[in-house]
Amino acid sequence: MNIKGASDLGEGLFGRVVASAPARYAIFALAAVVVVLAVVVPLDTNGQLIFGLGVFAISAAIGQLSDSRKMTIGLVVVSTALSTRYIWWRTTQTLHFDNPLAAGLGIGLYLAELYAWLILVLGYVQCIWPLDRKVREITGPPETWPTVDIYIPTYNESLELVQDTVFAAMDQDYPADRFKVYILDDGRRPEFEEFARKAGCGYITRTDNKHAKAGNLNNAIPQTTGELLCIFDADHVATRAFLQLTVGWFQADPKLALMQTPHYFYSPDPVQRNIRAVKDIPGEGDLFYGVVQKGNDFWNATFFCGSCAIIRRSALEETNGFAGETVTEDAHTALKLQRMGWNTAYLNTRLSAGLATERLALHIGQRARWARGMTQIFRIDNPMLGPGLTLGQRLCYLNAMLHFQFPLPRIVFLTSPLAYLIFEQNIIAAAAWTIVTYAIPHLLLSVLVNERIQGKYRRAFWGEVYESLISFHLVGPTILPLFDPKKGKFNVTDKGGLLEEGYFDFKVLLPLLITTGLLFGAIGSGIAKLLLPQYFDVQLGTVMLNVGWSSFSLLILITAIAVGRETRQVRKHEHLGVVLPTRLYFDDGHVLSTETMNISMGGMAVPAPDDDVIEGRTVTHVEVFAAEKTFGFPVKMLGSGKGGLRFMFTEMTLESRRQLVRVVMGRADAWPLIDDHVSWSAWQSFTDLMRASLSILFWWRHRDTPRASAAYNRVGPRRWRRSWPWAWALACWDRARATPRRRAPRAVPPPPRRPRPTPPPSPSPAASARFR
């Protein structure tokens with residue numbers, strides 16, 4: 001840890017005095033006293049209201065004056081104090097209950113709030129000083145650069161998916177004799193072995209699947225000799241610069257065991273894909289790789305994430321290879337390395353890309369494995385116990401493991417209003433207005449500070465959506481390993497699948513639907529009590545508070561339910577909006593220079609030329625200029641329209657496929673820069689949350705068109721029986737509205753006659769031979 005900047009407080013006598021050690025201790029002591037008083041001094045309701053809102057208003061105003069890191073640290077301290085004051089008040093004044101049921105529900109809510117407070121504070125500590133590590137060039141002549149073994153573990157992924165990863169790994173800008181690529185096939189598939197032989201890479205398999213991915217990697221270590229081991233998941237395609245931009249740090253730091261890079265996903269995750277009313281929703285991984293890992297790097301606590309990373313072989317030999325005791329071998333391996341005294345690092349540069357989980361059910365399955373694995377580590381190798389870690393490292397690992405314990409607290413927060421509105425149990429022994437004066441300032445300031453820290457990588461309130469979406473399904477994976485950490489198996493996340501028809505995933509969303517129904521009932525009950533107070537013995541202020549709380553929970557839940565409307569996935573390959581100089585070669589020898597609108601591993605599109613150019617002609621080949629070279633590919637023209645002139649790549653050799661990988665995903669500038677995100681305010685995020693939740697009522701406006709409309713007409717009512725009961729009626733109404741009224745046919749003048757085109761010349765031998 002090295003905090004720089006303390007010396008620039010100012011020059012002159014005052015600056016030197018303030019920067020001196022005694023003055024710093026005095027300032028810290030005075031600040032600690034002020035913070036303690038701010039936490040524990042009791043106030044009446046009006047005094048608390050003035051204090052809480054005053055602190056929030058002053059913090060918000062001061063925060064606008066500077067974007068500096070020191071200002072962020074100051075706001076973090078104030079936010080922590082205000083949140084701690086709330087917890088102190090809850091602990092000392094609100095835990096009085098009338099009966100056992102109220103005590104059970106009230107203590108559950110209190111424990112959930114304690115958990116949220118602990119995660120808030122640990123998150124502040126973890127991310128308070130993100131480290132922007134820069135690229136370090138490799139030194140020395142190329143023949144002395146470290147040797148690297150690139151591992152691509154696979155189990156049941158398709159060869160088409162894995163081969164692109166292999167080609168990109170083999171195409172590194174690194175001395176050819178200093179690295180080698182290996183397919184680690186736990187599926188023992190002959191076609192993979194044959195492909196490896198043809199492609200020229202190594203192939204390693206084993207007779208069993210013991211310890212899953214960790215065992216697969218450990219099986220390869222003694223069969224290879226590289227000084228460094230580079231791991232890519234089967235769908236993570238590396239750019240050509242990956243080794244050049246990462247290996248240099250291993251030369252600079254002999255104690256560096258691990259260099260992790262971001263997992264960038266070029267396909268949308270279920271939330272991004274299925275919520276059509278809101279654009280630019282950051283992916284769930286953006287927060288982790290944009291903020292959390294940089295914070296971990298500051299504390300020398302970077303986690304290994306299983307892919308897109310390099311590990312030093314000599315360090316792994318000290319830990320007896322990758323950890324196989326848990327289903328998250330990556331984080332556990334990093335923890336073991338840290339305990340041995342090795343350093344880890346994080347380079348926030350997008351040097352590879354992969355596929356996000358396509359379906360909500362797959363997304364939940366992947367998160368369940370992560371939650372189970374982190375809980376297993378918490379039980380069998382607790383970071384707060386044992387030797388070898390600094391306090392910062394222990395807190396970072398602890399926060400990572402406790403984070404996955406969010407399911408029960410999240411469910412408690414969603415359902416707590418039911419206690420009063422339905423069961424008439426008062427689970428917080430305080431007046432509603434007093435609760436508001438303590439809770440609102442602490443919540444507002446925590447939102448403000450987190451918006452400042454995470455603004456580009458996570459919208460305010462959207463974390464609640466992600467957590468609510470999977471909470472009910474993660475209760476078991478987070479609780480059972482606490483009692484039996486050996487429970488649970490490693491599950492491989494399927495990727496690259498297609499979905500012919502959209503559907504509503506009732507099975508996955510059933511707990512959310514039930515909870516939503518209960519909240520609607522609770523709100524209805526609350527409104528009845530507000531309108532007819534003479535018939536109910538309730539406190540109107542408490543009813544209003546719980547109705548408002550229920551409404552916010554509904555907003556979160558309905559948005560989460562909107563994610564369950566799985567949209568069709570008919571594209572086998574994700575289109576990338578890349579502009580590359582291109583030439584089109586027609587069957588008559590005509591050549592047209594243009595540029596790509598988008599390109600994928602399956603095809604590409606260019607702006608539609610004039611009809612005169614393409615009429616009567618067929619494009620047979622294209623040339624794409626990328627990475628300072630020209631690459632030719634055979635294509636089949638699919639058509640033209642608003643999407644431009646569209647082509648599909650036809651059958652090609654392995655060498656052509658290798659070149660296509662280099663053009664589409666292997667370029668050094670293939671992926672957008674890290675800091676190209678925009679920042680959203682909390683208010684913008686809240687309004688988008690409302691738009692997303694309302695979109696479920698107007699879902700047909702966000703239907704895929706025109707393909708989805710065609711699919712709707714084709715599949716008929718069978719599809720809608722699997723959808724919402726009222727969806728069929730809405731869809732019919734929408735279709736009827738979109739159908740043009742019958743009118744008398746209008747006379748259409750005949751099109752002008754076009755001059756007969758000159759017969760095209762025969763293809764030149766050179767052009768025809770170019771692609772053979």
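Residues numbered from 1 in each chain as written. Predicted model: local features only at pLDDT ≥ 70, side-chain atom pairs only at ≥ 80, totals over all residues. Heavy atoms only, no water.

1. Considerations on the state of the cysteines
Throughout the structure, instances matching the rule amount to zero disulfides. We note that Cys 127 lacks a disulfide partner, and the nearest cysteine sulfur, in Cys 396, lies 8.0 Å from it. (Disulfide = S-S within 2.5 Å.)

2. Examining the packing of helix H17 (residues 407-415) against helix H20 (residues 462-483)
At their nearest, the axes of H17 and H20 sit 7 Å apart, and the two run at 125 degrees to each other. Compared by their axis directions, H17 and H20 come out oblique. Between H17 and H20 the crossing geometry is left-handed. Mapping the contact onto sequence places Pro 407, Leu 408, Arg 410, Ile 411 and Leu 414 in H17 and Glu 464, Glu 467, Ser 468, Ser 471, Phe 472, Leu 474, Val 475, Thr 478 and Ile 479 in H20. Partitioning the contact of H17 with H20 into residue classes produces eight nonpolar, three polar and three charged. (Axes fitted to C-alpha atoms, helices over the stretch in contact; angles between N-to-C directions. Helix = DSSP H or I, 4+ residues; strand = E, 2+ residues; numbered from the N terminus. Parallel < 35°, antiparallel > 145°, perpendicular 65-115°, else oblique. Left-handed = near helix turned anticlockwise from the far one by under 90°. Contact = heavy atoms within 4.5 Å. Nonpolar A, V, L, I, M, F, W, Y, C, P; charged D, E, K, R; others polar.)

3. Details of the sheet that holds strand S8 (residues 309-312)
Spatially, the seven strands line up as an open sheet ordered S3-S2-S1-S4-S8-S6-S9, and their pairing is mixed. Each edge of the sheet is formed by a strand with only one pairing partner; in this case those strands are strand S3 (202-204) and strand S9 (343-346). Direction aside, neighbouring strands of the sheet carry axes that sit 25 degrees apart on average. Of the strand pairs in this sheet, strand S6 (residues 256-260) and S8 are connected by three bridges, and their pairing is antiparallel. Across the sheet, Gln 260 pairs through a bridge with Ala 309, a residue of S8. (Pairing = 2+ DSSP bridges.)

4. Quick notes on the sheet that holds strand S10 (residues 352-354)
Across the sheet, which stays open at both edges, the three strands sit in the order S5-S10-S7 with mixed pairing between neighbours. Either end of the sheet is taken by a strand with one partner, and the two such strands are strand S5 (237-238) and strand S7 (264-265). Where S7 and S10 come together, two bridges link them in parallel fashion. Counted as the bridge partner of Phe 265 is Gly 354 from S10.

5. Considerations on the pairing of strand S13 (residues 581-586)
Bridging between S13 and strand S14 (residues 591-595) involves five bridges; their strand directions are antiparallel. Along S14, the bridge assignment pairs Tyr 585 with Val 591. Count of turn residues in the S13/S14 antiparallel hairpin: four residues, of which Gly 589 carries a positive phi of about 95 degrees. Summarising the sheet, S13 and strand S17 (residues 619-626) pair through five bridges and their orientation is antiparallel. In the sheet register, Phe 586 faces S17, and the bridge partner there is Val 619.

6. Topic: the environment of Val 35
By secondary structure assignment, the location of Val 35 is in helix H2 (residues 21-40). Spatially, the C-alpha atom of Val 35 lies 9.2 Å from that of Thr 80, the residues being 45 residues apart in sequence. Among all residues touching Val 35, those that are not within four sequence positions of it are Val 77 and Ala 81.

7. Quick look at the confidence of the model for the protein
Taken over all residues, the pLDDT of the protein has a mean of 85, while the share at 70 or more is 85%. Contacts of residues 730-772 to residues separated by more than four positions or lying in other chains number 29 contacts, the stretch itself having pLDDT below 50. (pLDDT = per-residue confidence, 0-100.)

8. Topic: unusual backbone geometry
Excluding glycine, residues mostly carry a negative phi; peptide bonds, for their part, are mostly trans. With a phi close to 55 degrees, Asn 300 is a non-glycine residue in the positive phi region. Within the secondary structure layout, Asn 300 lies in the loop between helix H12 (284-298) and S8. You will see that Asn 320, though not glycine, has its phi angle at about 60 degrees, which is positive. Note that Asn 320 resides in the loop between helix H13 (313-318) and helix H14 (329-339).

9. Examining helix H25 (residues 682-694)
In this model H25 runs 18 Å from its N-terminal to its C-terminal C-alpha over 13 residues, within 8% of the 18 Å that 1.5 Å per residue would give. Of all the positions in H25, only Ala 682, Ser 685, Asp 688, Leu 689, Ala 692 and Ser 693 are classed as buried. Along the long axis of H25, the arc covered by the buried residues comes to 135 degrees, so they all point the same way. Looking at the buried side of H25, the elements it contacts are helix H19 (432-454), H20 and helix H22 (540-563). (Expected span 1.5 Å × (residues − 1). Buried < 20%, exposed > 50% of the residue type's maximum accessible area, 1.4 Å probe, protein only. Arc of directions from axis to C-beta.)

10. Quick look at the environment of Val 661
Mapping Val 661 onto the fold places it in helix H24 (residues 654-664). A residue is classified by how much of its surface remains accessible, and Val 661, at 1% relative accessible area, is buried. If we skip the residues at most four places from it in the chain, Val 661 touches Asp 164, Phe 167, Ala 168, Val 237, Met 601 and Gly 666.

11. Quick look at the packing of helix H6 (residues 159-170) against H24
For the pair H6 and H24, the least separation of the axes is 9 Å and the interaxial angle reads 70 degrees. On the basis of their axis angle, the class for H6 and H24 is roughly perpendicular. Across the interface between the two elements, Glu 160, Gln 163, Asp 164, Phe 167, Ala 168 and Met 170 of H6 pack against Leu 654, Arg 657, Arg 658 and Val 661 of H24. The residue makeup of the contact of H6 with H24, split by class, is five nonpolar, one polar and four charged.

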